[in-house]
Amino acid sequence: MSETVKTQAAPQSARKGRVTPRSGGTPRQGRGRPWRTAPWWFMIPALALYAYVVLVPSVRGTGYAFTDWTGLGSGMHFTGLENFRKLLDDSTARDALVQTVLLTIVITVVQNVIGLLLALGVHARIKSRNVLRVLLFAPAVMTPVVTAYLWRYMYAPDGAINTTLDALGLGGLRQDWLGDPDVALWSVAAIVIWQFSGYSMVIFLAGLQSVPQELHEAADVDGAGPVRRFVHITLPLLAPAITINLMLALIGGFKLFDQVYITTGGGPGHSTETLSTLIYKNAFQFGEFGYSTAIAVVLAVIVAAVSAVQYRGLQSQKGAR
C-alpha cells in the first residue's frame, strides 16, 4: 500500500521520463552565454591573419583613392573626390565600364545556357557520360593565363581558326579576331565561355542529381512530356544552382583581366578595355596610383552590390523552400 502511494505521488515529469536536475548540480548543456560554448578561440588566429592580410590593406588602399599618390615614395596630397570627378569625365573609363558590363552580361548568359545544356547531356544514361564530364570540365582547371596564350595563337591571322576555315572552304569567314575592334571584344568573351562552361555544368549537374526521380515518374504517368517536365519540375528545383552560377559568372565577368590583357592588352583602340585592365595601366604604366585606386573602389562597390543582390535572392529561395 505504501509503494502505491509513493508511485502516485511521483512528479508528472518523472513519470514521463524527464529527470529534474538537483539543486547545486551542473547546468544543462547549451545554457549560459553563447561565446562560452562556441569555438571562438580557435577562430581568432585565422581572423587575425585575414584582417592583417586582407582587411587592413583594403582599408588603407581605399584611402589612396583620395590622394594624388604616384605609387613611388611617400609624398602624397589629399585631393578629396578629385579622382572620382576625373573618373566621371574620363571617356576611356566610361567606355571600359560599358564594355565590362557587356562582357559580363554575354558571358553570364551564354556560359550558363551552355553549362545547363551540357549538364542535361551528361546527366543522361549514356555509357560515355563519365568521360564526357572529365573532358568538358578539363578547361576549367587550366589557369586563365595558359588559356589566353593558347587562344591568342589560335586567333592569329594564320592560326588554327582561320586555317580550319580555309580548309573547309569557308575562307570568307576569316577574321582578324583580335585586331578588329568590332570582333575583338566577343573573341575575348568566347575564351571565357569556352573555359568556364564546364564549371557551370558541374554545378548544374549536382542540382540535377538532387531532383527526385519519383517526380519525373509521376509526371510521366500523368502524360507530361520532356519539355513540360523540365519547365515545371527540373527548372524550379535548379533555382539554387542557377543562382550560384549566376553569382560566380557575374563576379568573374566584372573582374575579368587575364584573358583581356594577354590577348589584346585592352586594344585595339581601347575596344576591349575593361575596368580591371584600366586599373592596371593607370597604376603601373601611367603612375597614377591614386586614380587607379579610385577605379578599383568603384569596381569593388559594383561587385559587392551585385553579390549582395544575388545573395539575397539565394536566401529568399532557401526561405521559400
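Whatever comes next refers back to the structure up there.
Residues numbered from 1 in each chain as written. Predicted model: local features only at pLDDT ≥ 70, side-chain atom pairs only at ≥ 80, totals over all residues. Heavy atoms only, no water.

Participant: Would you explain the overall build of the protein chain in this entry?
Facilitator: Helix and strand content of the protein chain: 16 helices and zero strands. Buried residues in the protein chain amount to 32% of all 321 residues. In the protein chain, the proportion of contacts linking residues at least 24 apart, taken out of those at least 6 apart, comes to 65%. Surface exposure of the protein chain reaches about 20100 Å², of which carbon and sulfur atoms provide 65%. (Helix = DSSP H or I, 4+ residues; strand = E, 2+ residues; numbered from the N terminus. Buried < 20%, exposed > 50% of the residue type's maximum accessible area, 1.4 Å probe, protein only. Contact = heavy atoms within 4.5 Å. Areas by Shrake-Rupley, 256 points an atom, 1.4 Å probe, with all protein chains shown as cover.)

Participant: Is there a simple way to think about helix α8 (residues 144–154) in this case?
Facilitator: Helical geometry note: an α-helix holds 3.6 residues per turn, so side chains three or four residues apart project in the same direction. Burial in α8 covers these residues: T147, A148 and W151. Within α8, the buried residues cover an arc of 100° as seen down the axis, which keeps them to one side. Tucked into the core, α8 has its buried residues touching α9 (160–167), α10 (184–209) and α14 (258–263). (Arc of directions from axis to C-beta.)

Participant: I'm lost on the side chain of S292 in this one. Help?
Facilitator: With respect to the helices and strands, S292 occurs in helix α16 (residues 289–320). For S292, a relative accessible area of 4% gives the class buried. Excluding residues that lie within four positions of it along the chain, S292 makes contacts with I279, N282 and A283.

Participant: Is there a simple way to explain the pattern of salt bridges in this structure?
Facilitator: Per the counting criterion, the structure on display carries six salt bridges. Among the ionic pairs, R174 bridges to D166, the shortest N-O distance being 2.5 Å. Here R229 makes a salt bridge to D220, at a shortest N to O gap of 3.8 Å. The exposure class assigned to D220 is partly exposed, which follows from its relative accessible area of 47%. Via salt bridges that share partners, D158, D166 and R174 belong to a single interconnected network. (Salt bridge = Lys/Arg side-chain N within 4 Å of Asp/Glu carboxyl O.)

Participant: Is there a simple way to explain the nonpolar core in this structure?
Facilitator: Across soluble globular proteins, nonpolar side chains have a tendency to be buried as a group. If you look at the biggest cluster of nonpolar residues, it comprises 14 residues, and the most contacted ones within it are I295 and L299. Of all the secondary structure elements, the ones that give two or more residues to this core are α6 (91–123), α13 (239–254), α15 (275–284) and α16. Of all the elements, α16 adds the most residues to this core, at five residues. Grouped together as the second largest cluster of nonpolar side chains are 10 residues, A119, V122, F204 and L238 included. (Core = buried A, V, L, I, M, F, W, Y, C linked by side-chain atoms within 4.5 Å.)

Participant: I would appreciate a short explanation of the packing of aromatic side chains in the present structure.
Facilitator: Aromatic ring pairs: the centre-centre distance and the angle between the two ring planes describe each pair. Following the criterion strictly, the structure yields 12 aromatic pairs and no others. For the ring pair W69 and F289, a centre distance of 4.8 Å and an interplane angle of 65° mean the geometry is edge-to-face. You can see W69 sitting in the loop between α4 (40–64) and α5 (82–89) and its partner F289 sitting in helix α16, a full 220 residues away along the chain. Note on W69: relative accessible area 13%, which makes it buried. With a centroid separation of 6.4 Å and an interplanar angle of 25°, the aromatic rings of F137 and Y199 are classed as stacked. With F137 in helix α7 (residues 129–137) and Y199 in helix α10, this pair connects stretches of sequence that are 62 residues apart. Relative accessible area serves as the criterion here: at 39%, Y199 is assigned to the partly exposed category. Taken together, W151, Y155, W177 and W194 form an aromatic cluster joined through their ring pairs. Positioned above the aromatic ring of Y291 is the side chain of K86, whose terminal nitrogen or guanidinium carbon lies 4.5 Å from the ring centre. (Phe/Tyr/Trp six-rings, centres within 6.5 Å; stacked < 30°, edge-to-face > 60°. Lys NZ or Arg CZ within 6 Å of the ring centre and 35° of its normal.)

Participant: Sorry, what's going on with a nonpolar patch on the surface here?
Facilitator: Side chains of L97, V101, I105, V109, V110, V113, I114, L117 and L120 sit close together on the surface and give an oily, nonpolar patch of about 670 Å² of accessible area. Along the chain, the position of L117 falls in helix α6. (Patch = residues over 30% accessible without salt bridge, like charges linked within 9 Å, V, L, I, M, F, W, Y side chains within 5 Å.)

Participant: Looking at this model, I keep getting lost on the packing of helix α11 (residues 213–221) against helix α12 (residues 226–237). Mind explaining?
Facilitator: Packed helices, taken two at a time, are described by the angle their axes make and the gap between the axes. As a packed pair, α11 and α12 sit with axes 10 Å apart at the nearest point and diverge in direction by 165°. The pairing of α11 with α12 is recorded here as roughly antiparallel in orientation. The crossing of α11 and α12 is right-handed. Only R229, I233, T234 and L237 of α12 make contact with α11, whose side of the interface consists of L215, H216, A219 and D220. The residue makeup of the contact of α11 with α12, split by class, is four nonpolar, two polar and two charged. (Axes fitted to C-alpha atoms, helices over the stretch in contact; angles between N-to-C directions. Parallel < 35°, antiparallel > 145°, perpendicular 65-115°, else oblique. Left-handed = near helix turned anticlockwise from the far one by under 90°. Nonpolar A, V, L, I, M, F, W, Y, C, P; charged D, E, K, R; others polar.)

Taken by themselves, the reported measurements are silent on function.
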